[in-house]
Amino acid sequence: MNLEQIGTLQIIVSSVGRFWPVWLAIAMVMGTSFLYRKKLGLYGQLYETNVGLLGLAICFFWLFTAVFSSVIAPYDPISQIAVMKDALPGSVVPEGSGGGVYLFGGDKLSRDVFSRMVYGSQIVLIIAPAATLFALMVGATLGLPAGYYGGKIDTLLSFLANMVLAFPVILLFYLLVTPGIMDTPVPYVMAGVFFLFPIIFFCALFYTRFKNRPDRLYLLLGLTILLGGWVYLGLVFNADPLGIVSIDPNQLNIFIAVVFASSPGVFRIVRGLVMDIKTRDYVAAAQTRGETPWYIMLWEVLPNARGPLIVDTCLRIGYTTILLGTLGYFGLGLAPESPDWGTAIKDASRLLRTTIHPALPPTIALMSFVLGLNLLADALREQSLKD
Amino acid sequence: MLQFILRRLGIMALTMLCLTVVVFFLISLEPNLKKLAISQTESRATQEQLESWLQRNGYRQNFFVRYGQWLGVVKKQPNIDASTGKAVSRFVFCDEPDVATYSGILQGDFGCSTKFRVPVAQKLLPALGATGILMFWVMVTMVPVALLIGILAGMREGSRTDRTLSAVSIMTTATPEYVSGVIFSVIFASWLGWLNGSAASATTQGVNFYNFTLPVMTMAVYGIGYIARMTRASMVEVMTQQYIRTARLKGLSFRSVVIKHALRNALIAPFTVIMLQFPWLLTGVVIVETMFRYQGFGYTLVEAASNNDIDLLLACSLVSVFVVLFTQLLSDIGYAYLNPRIRVQ
């Protein structure tokens, strides 16, 4: 059966048009930020350079695409319209099957490639930054004492970190993200350990600062334990009493594997930064004042290490995105019909001999997002070097 | 120096020991053993048959006993044939002896691959050879191109060349193998038809330009950006040094300053980076070999992992961890050798 086609120009115009909420949001956010850039610190300085502007624009584009997915995507990412199997880009869906246009064509299972790409951004933009933040907290909580105290604790933690780093990521994923492993306690134990770190981190942060101001301390500690415990219950035991926080076991598994793979890297960077910063005068001053080691680590050393850490976090989100794509490419963890970019690339790359068009949107999406993050990191590095 | 190397080798052995315990633990988890038993018995085997297969082949022994057997410090026991009561070899297809022997890694026996039905060494060595060829061509293309880009960009910081080349290298760092592989296949295999989109024929008919360019290109691209950026940074730093200014002021041409004075010092840092690229390259090998159907180490690893082929998977992890740690050691030694200012303590 022959499908009606629309022209190339029309495809471009309509796909740009479909992103209208994104353009609007970018214009609003970046316009306002540009006007007040002088008051926005490091973030505002990004608006001074072309590289920073471009990086921000790309990252915002995908961020808002993820937020407005349901408005942008014309179809459901997993619904199939049988006649549209391997339809070329710009094919018009017959009136009988709902109408509309498959802007980037249909894939082997006659799903809309455009909608899948748009929905795929959601998965990537939730897991990648969240996993990076967790890895940051795990790496910081372990890297601070390792760098500050040195000695035995440093030797032990560095050995463990190097061990994980010596392990090829892909083998790690094959071992940790196999379907069978969800029946064993391994992922839950790991989740239990990893999700403890943010709670410990914030408790230590507040305790060291407000030790002598019980009114503030009890409030903040209480809030941390309450909120942290709530999320912890929901994520690790899937037993949130209110039923709001929950995570699909597969996604939990991926999340844990990604955190596990990237926290040793953060650990090494934090450790190196701490070893450098602890020789500074303000640390000596704090030691002379009689501050506790953890106060110095969390409130003197860590804030001064923020520049390189922010840059590294940016790069690391990109790297995590690549890792997620690798997982999808090998069909590990994510459901086979999941619209994420890695899975889409896997599906499409097996059929490159016959159909090309389903392969390109997810590859370009993944590449552009990582490129945006890399540009952002570059601009941030340049700006923080200027100070 | 000798003491340093010995210490590092000791740590290396310890790391490998710890990691193999972890891998052994993970692949001996109940669901994984089930998977193995299912793939090794007939498809309609009952729970009891699966259990008896695991029992008979020694998978139900104590974890540490089995690890010891694999390592070669505990004797591997032959199977006992239930009907005759005689000892028979565990896996006939691997020529395993029918008497209890020490036969593990320490004795040089990597065990038996249940998936390919051959001894692990017989499967792994050709695969490593094939991957070695791939790695060789990747290194031969990646390193010179990356160094050239880095040096040209870092030579004159902020120039038009610098900005263009930096943009190129930042682009390539954002392109993982499975992305560039797809894009290159679309352009060179599907549209232009210049190159072969599969390297399967490289295994049987030997390597040639048509079947090997795409895998090599795909792998090289991701690494180029990173090495080029490191080279550029190091070159930029060297170009601001006093001795470069002195050389310029005494009237040497820019070209000879770059080649004779800057280059040698600027290449120390990239050397380390190239050596530390190996862990990344290993992941790349797995992706590229799967994508282009090239039967090397990465392909073997994927097959071993998806069939829970215990001995093969352990051998694969041992090899990859060894490669990673060994290149780290080489990079440390090489760094101290290249840079006399740094002395190993």
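Residues numbered from 1 in each chain as written. Chains lettered and ligands numbered in written order. Predicted model: local features only at pLDDT ≥ 70, side-chain atom pairs only at ≥ 80, totals over all residues. Heavy atoms only, no water.

J.: Go over the overall build of chain B, please, and point to the residues and values.
T.: The number of helices and strands found in chain B is 15 helices and four strands. Classification of the 345 residues of chain B by burial places 50% in the buried group. Residue pairs in contact within chain B that sit at least 24 positions apart in sequence constitute 70% of those at least 6 positions apart. (Helix = DSSP H or I, 4+ residues; strand = E, 2+ residues; numbered from the N terminus. Buried < 20%, exposed > 50% of the residue type's maximum accessible area, 1.4 Å probe, protein only. Contact = heavy atoms within 4.5 Å.)

J.: Could you give an account of helix H10 (residues 196-210) of chain A, naming the residues involved and the relevant values?
T.: Side chains of residues three or four places apart in an α-helix project in the same direction, reflecting 3.6 residues per turn. The first and last C-alpha atoms of H10(A) sit 21 Å apart over 15 residues, in line with the 21 Å expected at 1.5 Å per residue. On its buried face, H10(A) sits against helix H6 (113-149), helix H9 (186-194), helix H11 (214-237) and helix H14 (293-304) of chain A. (Expected span 1.5 Å × (residues − 1).)

J.: Lay out the side chain of Glu303(B) in plain terms, naming residues and giving numbers.
T.: Residues and elements named next belong to chain B. Along the chain, the position of Glu-303 falls in helix H14 (residues 297-307). We classify Glu-303 as buried; its relative accessible area is 18%. Among residues more than four places away in sequence, those in contact with Glu-303 are Lys-115 and Phe-116.

J.: Lay out the interface of chain B and chain A in plain terms, naming residues and giving numbers.
T.: The interface of chain B with chain A comprises 47 residues on the first partner and 40 residues on the second. Between chain B and chain A the total buried area reaches about 3800 Å² when both faces are included, carbon and sulfur atoms providing 80% of it. Linking chain B with chain A are one salt bridge. Linking Arg229(B) and Asp378(A) is a salt bridge whose minimum nitrogen-to-oxygen distance equals 2.7 Å. Linking chain B to chain A there are four residue pairs in polar contact (both at pLDDT 80 or more). Those elements that provide at least two residues to the side of chain B that touches chain A are helix H1 (2-27), helix H2 (30-40), helix H6 (160-173), helix H7 (177-191), helix H9 (209-239), helix H13 (278-291), H14 and helix H15 (310-338) of chain B. Broken down by element, the side of chain B that touches chain A gets its largest block of residues, nine residues, from H1(B). Residue composition of the side of chain B that touches chain A, by class: 33 nonpolar, twelve polar and two charged. (Buried area = accessible area lost by both parts, 1.4 Å probe. Salt bridge = Lys/Arg side-chain N within 4 Å of Asp/Glu carboxyl O. Polar contact = N/O pair within 3.5 Å; in protein donor to acceptor, adjacent residues only side chain to side chain. Nonpolar A, V, L, I, M, F, W, Y, C, P; charged D, E, K, R; others polar.)

J.: I'd like a rundown of the pattern of salt bridges, residues and numbers included.
T.: Residues and elements named next belong to chain A. Following the criterion strictly, the structure yields eleven salt bridges over all chains and no others. The residue Glu-300 makes a salt bridge to Arg-289 at a minimum N-O spacing of 3.2 Å. A residue pair is termed long-range when its members are at least 10 positions apart, and Glu-300 in helix H14 and Arg-289 in helix H13 (residues 281-289) qualify at eleven residues. Salt bridges linked by common partners bring Arg-37, Lys-38 and Glu-48 together as one network.

J.: Please give an account of helix H12 (residues 249-277) of chain A that cites residues and values.
T.: When the terminal C-alpha atoms of H12(A) are compared, their 40 Å separation across 29 residues agrees well with the 42 Å that a helix rising 1.5 Å per residue should span. Maximal helix bending in H12(A) amounts to about 30°, located at Ser262(A); proline Pro264(A) follows within four positions. (Bend = angle between axes of the 7 residues up to and from the residue.)

J.: Help me get a handle on the nonpolar core, residues and values and all.
T.: Nonpolar side chains in soluble globular proteins tend to end up buried together. One finds Trp62(A), Phe173(A), Phe195(A), Phe330(A) and Tyr178(B) to be the most contacted residues of the largest nonpolar core, which totals 205 residues. The biggest single contributor to this core is H6(A), with 18 residues. Leaving out residues up to four positions away in the same chain, Phe330(A) has contacts with Ile170(A), Tyr174(A), Val286(B), Ile287(B), Thr290(B) and Val302(B). With eleven residues, the next largest nonpolar core counts Ile151(B), Val238(B), Met239(B) and Ala247(B) among its residues. (Core = buried A, V, L, I, M, F, W, Y, C linked by side-chain atoms within 4.5 Å.)

J.: With reference to specific residues and values, describe unusual backbone geometry.
T.: Phi at Arg293(B) takes a positive value of approximately 50°, unusual for a residue other than glycine. With respect to the element layout, Arg293(B) can be found in the loop between H13 and H14.

J.: If you had to explain the packing of H7(B) against H13(B) to someone new, which residues and values would you point to?
T.: Residue and element names in this part refer to chain B. Relative to each other, H7 and H13 sit at 30°, their axes nearing to 9 Å. One finds that H7 runs roughly parallel with respect to H13. You can see that H7 and H13 cross each other, and the crossing is right-handed. Residues Glu-177, Tyr-178, Gly-181 and Val-182 of H7 form the contact with H13, whose participating residues are Gly-284, Ile-287, Val-288 and Met-291. Within the contact of H7 with H13, the residues separate by chemical class into five nonpolar, two polar and one charged. (Axes fitted to C-alpha atoms, helices over the stretch in contact; angles between N-to-C directions. Parallel < 35°, antiparallel > 145°, perpendicular 65-115°, else oblique. Left-handed = near helix turned anticlockwise from the far one by under 90°.)

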